[in-house]
Amino acid sequence: MAVEFVSIDALGASEGLEVDLRGWLYNKRRSKGLYFLMLRDGSGLLQCVVEDSQVDEESRQAAHHATQESALAVTGSVVRDARQVGGFEVRVTRLRLVGKADDYPITPKAHGVDFLLDRRHLWLRSRRQWAIMRVRNRVIMSIHEFFQERGFLQMDAPVLTENAVEGTSTLFSIDYFGQPAFLAQSGQLYGEAMAMAFGKIYTFGPTFRAEKSKTRRHLTEFWMIEPEMAFFDLDMNMELAEDFLVRIVRDAVRDCADELHVLGRDVEPLIRVQKPFPRLTYTEAVDLLRSDETADLLARRQEELMQEREDLESERTKIKKQYGQAKAWKKRKMDARDIEINARMAEIDEELRNIPVWTESVRSFQWGGDFGGSDETLLTWHFDRPIIVSHFPADVKAFYMKRDPEDDRIALGMDVLAPEGFGEVIGGGERASNLAFLERQVEAHGLPRDAFEWYLDLRRYGSVPHSGFGLGLERTVSWICRLNHIRETIPFPRLVGRLSP
Ligand code: 4AD
Ligand code: MG
């Protein structure tokens, strides 16, 4: 069957030709016998011009009645026009209304985030979401390409499990025909079994964490990519993680220029994502946190925020002054900007209130504690690219981690922290390969021995040094897009207090 309509991002091949398009009305303008219809088809945006005198009555009616998000069938000729989004425009010869939209709830004015999350099924149609989802898609493709090119086998771990991986406090429990079971927190333990069978594998699946944390970094359901490699030590693992991130970011910068532009993402910090990433041990990271340099960074941050606050304040005063005389369309713009300013002000004020607490808490950070999100943020401010922190206190890490042969208090874990304050995007390390040690760990962590027998078998039958890590897909997309909150990086976010739509 012949292709019946073209997509907007492929219009270049049809310059000068008449084409059929299908899509939805993004917005509409009327001026001097012309309708300017902005058509959205998922692949991009396109201006379609309907001239009253050039089309039949049904087309004129369709243009007149088309409302925001009405579905349209457009026929017209493709004209190159560098000033237009996408570089083309279509002069319409025929327009049909496929499905009318009455009172689409998401209008060009600004909406609060809860309003939008409640309408996530519609919000996905907006330009900003278009950009984010396309970056997500690019990242997913890069992940597969990277591992497939290196001979890794993609294998899936089960979602329904009988055991905990990352501690028992964040498990969602379910009833499995009368037997207690859990949603997977990680595919790692199964990944280890698959690596012993296939050498190098990676899982790519949904994972669940029942943490009640309402932060900008936490989802309760997210997608994790977990490579696991037999005969890899910690250094080989870190090198792989480094190559992996460099590749993902390079591809996104190369292929998602339009998307990152829509998001207002400065790509300079992404271009700096090059090897080698600075490496610190946990102990070095703690020293850095407690240093004067960190206190200086916080003081500078405080000044920046106060300056930003002042600038916003004067912008708001200016808007108030001009509001009375402004035209209706200008008023709408001002209202939207006002909502943005208020939201940003609230963020600034919260951070300003936090800075003294924060300064105090990093100064008095004790060796042995786990880094919180704000500690990670501070560490990343010292560097212009991702950093790798390794050699953590064993007490804050999972039961399966190998101990440092030179210091039994240390686990051979590693985290990759993304710059610009984003923090952990990768967590992993070298796994313990010694049977007796793991038996003691299962016991010490209060884990049910029965459910771990199969895992212990991996140490009974040809145990080898091995390593792996987990990349959080949404954390990575959030950083590449430089979003304030992780919730927009997944089509339908699951958060504490949000299960719908
Ligand atoms: O550091 P985590 O908990 O490590 C593991 O699960 C290991 N079993 C991985 C492995 O070695 N195979 O999680 C790995 C990554 C984090 O670095 C983060 O990017 C992401 O998963 N992540 C989350 N993303 C969104 N919301 C949450 N609640 C997340 N928790 C972890
Ligand atoms: Mg972690």
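These figures come from a predicted structure and were not determined experimentally.

### Some remarks on the environment of L21
One can find L21 in strand β1 (residues 18–31). Given a relative accessible area of 0%, L21 falls into the buried group. Along the backbone, L21 and I8 are 13 residues apart, and their C-alpha atoms lie at a distance of 7.7 Å. Ignoring any residue separated from it by four or fewer positions in sequence, one finds L21 in contact with F5, V6, I8, L11, L39, L46, L72, A73, V74 and V90.

### Section: the pattern of salt bridges
According to the stated counting rule, one finds 52 salt bridges in the structure shown. D255 serves as the salt-bridge partner of R254, at 2.9 Å between the closest nitrogen and oxygen. R460 is the partner of E439 in a salt bridge, and the nearest nitrogen-oxygen pair spans 3.9 Å. Taken together, the residues span a long stretch of sequence, with E439 in helix α13 (residues 435–444) and R460 in helix α14 (residues 449–460) at a distance of 21 residues. Residue classification places E439 among the partly exposed residues on the basis of a relative accessible area of 26%. R460 gets classed as partly exposed once you look at its relative accessible area, which sits at 30%. Beyond isolated ion pairs, a larger network of salt bridges with shared partners links R138, E145, E149, R247, R250, D251, R254 and D255.

### Re the sheet that holds strand β7 (residues 160–161)
One open sheet holds the 3 strands; their spatial order is β7-β9-β8, and the pairing between them is antiparallel. One side of each edge strand has no neighbouring strand; the edge strands of this open sheet are β7 and β8 (173–176). Here β8 pairs with strand β9 (residues 179–183) via 4 bridges, running antiparallel. Looking at the pairing, S173 lines up with F182 of β9.

### Overview of a nonpolar patch on the surface
Where nonpolar side chains cluster on the molecular surface, the patch consists of L160, Y176 and F177 and spans about 370 Å² of accessible area. Looking at the element boundaries, F177 is found in the loop between β8 and β9. The class for F177 is exposed, based on a relative accessible area of 77%.

Parameters at a glance
- Residues numbered from 1 in each chain as written.
- Chains lettered and ligands numbered in written order.
- Predicted model: local features only at pLDDT ≥ 70, side-chain atom pairs only at ≥ 80, totals over all residues.
- Heavy atoms only, no water.
- Helix = DSSP H or I, 4+ residues; strand = E, 2+ residues; numbered from the N terminus.
- Buried < 20%, exposed > 50% of the residue type's maximum accessible area, 1.4 Å probe, protein only.
- Contact = heavy atoms within 4.5 Å.
- Salt bridge = Lys/Arg side-chain N within 4 Å of Asp/Glu carboxyl O.
- Pairing = 2+ DSSP bridges.
- Patch = residues over 30% accessible without salt bridge, like charges linked within 9 Å, V, L, I, M, F, W, Y side chains within 5 Å.
- Areas by Shrake-Rupley, 256 points an atom, 1.4 Å probe, with all protein chains shown as cover.

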